[in-house]
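One-letter residues, chain by chain:
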Amino acid sequence: GLNGLIEKMPDNVNMKMIKYEYLIDHMSIASAVKFGDQVAKANWDDQMMLNSLSWMMVMNGKIDDQGKDFALRLAQRADVLTDHADPNVLDTVARCWFMKGDVQKAIEIQKQAIKHADEEMAKQYTAYDPEDAIAHLEKAGLTETNGQGIRLMSDGNDGCKTNVRYDLGTSCSV
């Protein structure tokens, strides 16, 4: 299987990334962190690799505190390697802080990402249309809300919040 291919081609980063993604999606976050840490240590000075590992982890819906801490550590290392000037890395750092529950820190860092982004990239961070977002949520079947505007999943549990906080042109949705 995949482990055999990795053993035969130990320098093939793509195979390792496939395994990492598989562990995140189908196994446990702990196993993904353990394997991801090995990949990260072997690529500790590669900001693109660290950012990718972090982003894949932090975008997973079942991420736990261990995964959040791991993702933040890698994103912060990538941020140092890029002298805090790469908007993609800053976006990942902001997402990590957001997932850890520090929305203000996430907004602060997202503003830095916008500052360092070119015009087209900056638009993706600021072009947010609440009505369009609501239409996408409803198209996805999230039509019911609770009294706080939080979308309810089909099982009745809280889903996606549609209320958005704007702060100096940046948005942060939960």
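Structure: above.
Residues numbered from 1 in each chain as written. Predicted model: local features only at pLDDT ≥ 70, side-chain atom pairs only at ≥ 80, totals over all residues. Heavy atoms only, no water.

1. Topic: helix 7 (residues 103-116)
Stated formally: Helix and strand assignments follow DSSP, with helices taken as H or I runs no shorter than four residues and strands as E runs no shorter than two, numbered in order from the N terminus. Given a helix with a known number of residues, its expected span is that number minus one, times 1.5 Å. A simple rule labels every residue: compare its accessible area, found with a 1.4 Å probe on the protein chains alone, to the largest value its type can have, and call it buried under 20%, exposed over 50%, or partly exposed in between.
Across its 14 residues, helix 7 extends 20 Å between first and last C-alpha, which sits within 8% of the 20 Å expected from 1.5 Å per residue. Every buried residue of helix 7 is listed here: Ala106, Ile107, Ile109, Gln110, Ala113 and Ile114.

2. Structural notes on the environment of Gln76
Counted only if it meets this: Every residue pair with non-hydrogen atoms within 4.5 Å of one another is taken to be in contact.
With respect to the element layout, Gln76 can be found in helix 5 (residues 65-81). Overall, the relative accessible area of 36% leaves Gln76 in the partly exposed class. Between the alpha carbons of Gln76 and Leu50 there is a distance of 9.1 Å; along the sequence they are 26 residues apart. Other than its neighbours up to four places away in sequence, Gln76 contacts Val93 and Trp97.

3. A look at the packing of aromatic side chains
Two numbers describe a pair of aromatic rings. These are the distance of the centres and the angle of the planes. As a reminder of what qualifies: Pairing of aromatic side chains here covers Phe, Tyr and the six-membered ring of Trp, requires ring centres within 6.5 Å, and sorts the geometry by plane angle: under 30 degrees stacked, over 60 edge-to-face, intermediate tilted. Our definition puts a charge over a ring when NZ of Lys or CZ of Arg is within 6 Å of the ring centre and also within 35 degrees of the ring normal.
One pass over the structure, following the stated rule, counts 0 aromatic pairs. For Lys105, the ring lying beneath its charged end belongs to Trp97, and the centroid distance is 5.6 Å.

4. Some words on the pattern of salt bridges
So the rule is basically this: Salt bridge criterion: a side-chain nitrogen from Lys or Arg within 4 Å of a carboxyl oxygen from Asp or Glu.
The full count for this structure, using the stated rule, is 5 salt bridges. In this structure, Asp69 engages Lys100 in a salt bridge whose closest nitrogen and oxygen atoms are separated by 2.4 Å. Taken together, the residues span a long stretch of sequence, with Asp69 in helix 5 and Lys100 in the loop between helix 6 (87-99) and helix 7 at a distance of 31 residues. With relative accessibility at 35%, the residue Lys100 sits in the partly exposed group. One connected set of salt bridges, linked through shared partners, spans Asp37, Lys41 and Arg73.

5. Structural notes on the packing of helix 5 against helix 6
Angle between the axes and distance between the axes: these two values describe a pair of packed helices. Note the threshold: Axes here mean lines fitted to C-alpha atoms, for a helix over just the part in contact, with angles spanning 0 to 180 degrees between N-to-C directions. Put simply, angles under 35 degrees are roughly parallel, angles over 145 are roughly antiparallel, angles from 65 to 115 are roughly perpendicular, and the rest are oblique. By the definition used in this description, the sense in which the near helix is turned from the far one sets the handedness, with an anticlockwise turn below a right angle giving left-handed and a clockwise turn giving right-handed. Think of it as three bins: nonpolar holds Ala, Val, Leu, Ile, Met, Phe, Trp, Tyr, Cys and Pro, charged holds Asp, Glu, Lys and Arg, and polar takes everything else, Gly as well.
Direction vectors running N to C along helix 5 and helix 6 enclose 155°, while the axes themselves pass 9 Å from each other. Classified by the interaxial angle, the pair formed by helix 5 and helix 6 is roughly antiparallel. Remark: the crossing between helix 5 and helix 6 carries left-handed chirality. Contacts from Lys68, Ala71, Leu72, Ala75, Gln76, Ala78 and Asp79 of helix 5 reach helix 6 at Val89, Leu90, Thr92, Val93, Cys96, Trp97 and Met99. A breakdown of the residues in the contact of helix 5 with helix 6 according to their chemical character gives 10 nonpolar, 2 polar and 2 charged.

6. Topic: the packing of helix 3 (residues 29-42) against helix 4 (residues 47-58)
Put simply, helix 3 and helix 4 touch, their axes get as near as 11 Å, and they point 175° apart. As the angle between them shows, helix 3 and helix 4 are arranged roughly antiparallel. Residues Ile29, Ala32, Val33, Gly36, Val39 and Ala40 of helix 3 form the contact with helix 4, whose participating residues are Met49, Leu50, Leu53 and Met57. Partitioning the contact of helix 3 with helix 4 into residue classes produces 9 nonpolar, 1 polar and no charged.

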